[in-house]
Amino acid sequence: MTCLQFCSTPLFDGSCRFIDPQTIQSIQQCHLLLSNLNTVLSCFATEAQEITERGRMNLTNKCVVSQLICQYAQMVLWFSHSGLLPEGLDDAVQLSRLCYNYPVIQSYYTSRRQKCELLSSGKWNSDYLMIDGMVSQLGDRVEKLWKRDEGGTGKYPPPSLHALLDIYLLDDVTETSKHFITIYLLLDIMYSFPNKTDTSIESFPTAFAISWDQVKLIQGFWLIDHNDYETGLDLLFHPATAKPFSWQHSKIIQAFMSQGEHRQALRYIQTMKPTVSSDSDIILHITVLLFNR
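Now for a look at the structure at hand. All values reported here derive from a predicted model rather than from experimental measurement.

Side note on a nonpolar patch on the surface
Line of reasoning, step 1. Nonpolar side chains collect at one region of the surface, where V276, I282, I286 and L290 lie side by side and expose about 330 Å² of accessible area between them.
Line of reasoning, step 2. Its location among the elements puts I286 in helix 15 (residues 279-291).
Line of reasoning, step 3. What makes I286 partly exposed here is its relative accessible area of 45%.

Put into structure tokens, the structure is as follows:
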């Protein structure tokens with residue numbers, strides 16, 4: 001990890017303007033060593049016969065740590081190849097390529113949450129942005145990570161790409177959940193530069209073997225969070241899109257009801273037919289029906 005930290009730190013602290021081939025080669029070498037170590041440790045864990053319970057636990061912990069750091073190195077490499085790293089460059093350099101413009105994206109979500117609060121007017125849950133639900137599913141440690149850097153609020157978006165990639169070092173969060181947050185942020189980055197024709201970041205799902213039905217699901221969530229309800233619902237209703245989880249159904253319906261989109265809420269229920277598994281679900285569904293009498 002020390003080698004990886006040494007190689008990758010300049011990519012995040014604004015001290016380098018471009019990535020030289022030697023840096024990439026060093027990170028690739030770190031990734032290869034970590035990958036080999038992970039393979040060896042996994043073999044030990046599988047083949048070990050006479051081993052104490054404590055020894056097995058230590059071996060398992062080492063496997064987890066090596067896998068997390070290996071994945072982190074993989075992410076650093078992809079963000080470097082895509083041109084999103086190094087970050088913290090001056091405005092002149094940023095204008096020439098895609099970059100993570102945190103102030104612009106942060107301003108949008110601050111405004112969006114204020115509008116959610118205003119529209120809910122105490123009758124509805126104002127916390128209905130899909131991305132906020134996705135982040136909350138990752139646990140409190142993400143909030144702490146995203147408060148650590150200057151300007152961080154603990155909420156989406158993360159204050160830097162460094163803060164984003166740090167979630168890949170969390171051991172109690174699934175890899176898929178981490179990828180979903182990254183895909184969502186990549187959509188924000190792409191659409192904050194509408195005139196850019198560079199589509200290199202679209203390679204992310206392929207690079208990390210993320211199925212397209214899951215990508216379509218996140219795209220649908222992103223569109224709904226950005227008030228493009230028709231396109232978002234068309235995407236979510238498409239048979240090739242992964243089905244949302246129960247809590248996601250509820251958030252989508254609440255979002256429509258809070259914004260006065262009662263017919264869209266009814267359309268969603270009638271098309272998706274979400275399972276009603278709690279008292280709050282029953283109340284929500286009855287409320288939708290009453291508003292559409």
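Now that the structure has been shown, we can carry on.
A look at the pattern of salt bridges
Line of reasoning, step 1. In this structure the tally under the stated criterion is 9 salt bridges.
Line of reasoning, step 2. Close ionic contact of D171 with R141 constitutes a salt bridge, the shortest N to O distance being 3.0 Å. Of this pair, D171 sits in the loop between helix 8 (161-166) and helix 9 (175-191) while R141 sits in helix 7 (residues 140-148), placing them 30 residues apart in sequence.
Line of reasoning, step 3. The partner of R148 in a salt bridge is D166, and the shortest N-O contact between them spans 2.5 Å. With R148 in helix 7 and D166 in helix 8, this pair connects stretches of sequence that are 18 residues apart.
Line of reasoning, step 4. The network of salt bridges with shared partners includes R141, D171 and D172.

Details of the packing of helix 11 (residues 212-225) against helix 12 (residues 229-237)
Line of reasoning, step 1. At a closest axis distance of 8 Å, the pairing of helix 11 and helix 12 adopts a crossing angle of 160°. Here helix 12 runs roughly antiparallel to helix 11, going by the angle between their axes. In this structure, helix 11 meets helix 12 at a crossing whose hand is left-handed. Along its contact with helix 11, which presents K216, L217, Q219, G220, F221, L223 and I224, the element helix 12 presents Y229, T231, G232, L233, L235 and L236.
Line of reasoning, step 2. Among the residues forming the contact of helix 11 with helix 12, the class breakdown is 8 nonpolar, 4 polar and 1 charged.

Considerations on the environment of G83
Line of reasoning, step 1. The topology assignment puts G83 in the loop between helix 3 (53-81) and helix 4 (91-95).
Line of reasoning, step 2. On the basis of relative accessible area, G83 is assigned to the partly exposed category, the value being 23%.
Line of reasoning, step 3. Sequence separation between G83 and I201 is 118 residues, and the spatial gap between their C-alpha atoms is 8.6 Å.
Line of reasoning, step 4. Residues within four places of G83 in sequence aside, it is in contact with R97 and L98.

Let's talk about the packing of aromatic side chains
Line of reasoning, step 1. Scanning the entire structure with this criterion turns up 11 aromatic pairs.
Line of reasoning, step 2. With a centroid separation of 6.5 Å and an interplanar angle of 50°, the aromatic rings of Y109 and Y184 are classed as tilted. With Y109 in helix 5 (residues 102-120) and Y184 in helix 9, this residue pair connects regions lying 75 residues apart in the sequence.
Line of reasoning, step 3. For Y109, a relative accessible area of 0% translates into the label buried.
Line of reasoning, step 4. Here F237 and Y268 contribute two aromatic rings whose centre-to-centre distance is 6.1 Å and whose plane-to-plane angle is 35°, an arrangement assigned as tilted. One end of the pair, F237, is in helix 12; the other, Y268, is in helix 14 (residues 262-272), and 31 residues separate them in sequence.
Line of reasoning, step 5. The class for Y268 is buried, based on a relative accessible area of 0%.
Line of reasoning, step 6. By the ring-pair criterion, three or more aromatic residues cluster together here, those being W78, F79, F204 and F208.

So, how was this worked out
Residues numbered from 1 in each chain as written. Predicted model: local features only at pLDDT ≥ 70, side-chain atom pairs only at ≥ 80, totals over all residues. Heavy atoms only, no water. Patch = residues over 30% accessible without salt bridge, like charges linked within 9 Å, V, L, I, M, F, W, Y side chains within 5 Å. Areas by Shrake-Rupley, 256 points an atom, 1.4 Å probe, with all protein chains shown as cover. Salt bridge = Lys/Arg side-chain N within 4 Å of Asp/Glu carboxyl O. Helix = DSSP H or I, 4+ residues; strand = E, 2+ residues; numbered from the N terminus. Buried < 20%, exposed > 50% of the residue type's maximum accessible area, 1.4 Å probe, protein only. Axes fitted to C-alpha atoms, helices over the stretch in contact; angles between N-to-C directions. Parallel < 35°, antiparallel > 145°, perpendicular 65-115°, else oblique. Left-handed = near helix turned anticlockwise from the far one by under 90°. Contact = heavy atoms within 4.5 Å. Nonpolar A, V, L, I, M, F, W, Y, C, P; charged D, E, K, R; others polar. Phe/Tyr/Trp six-rings, centres within 6.5 Å; stacked < 30°, edge-to-face > 60°.

Interpretation in functional terms is not warranted from these geometric data alone.
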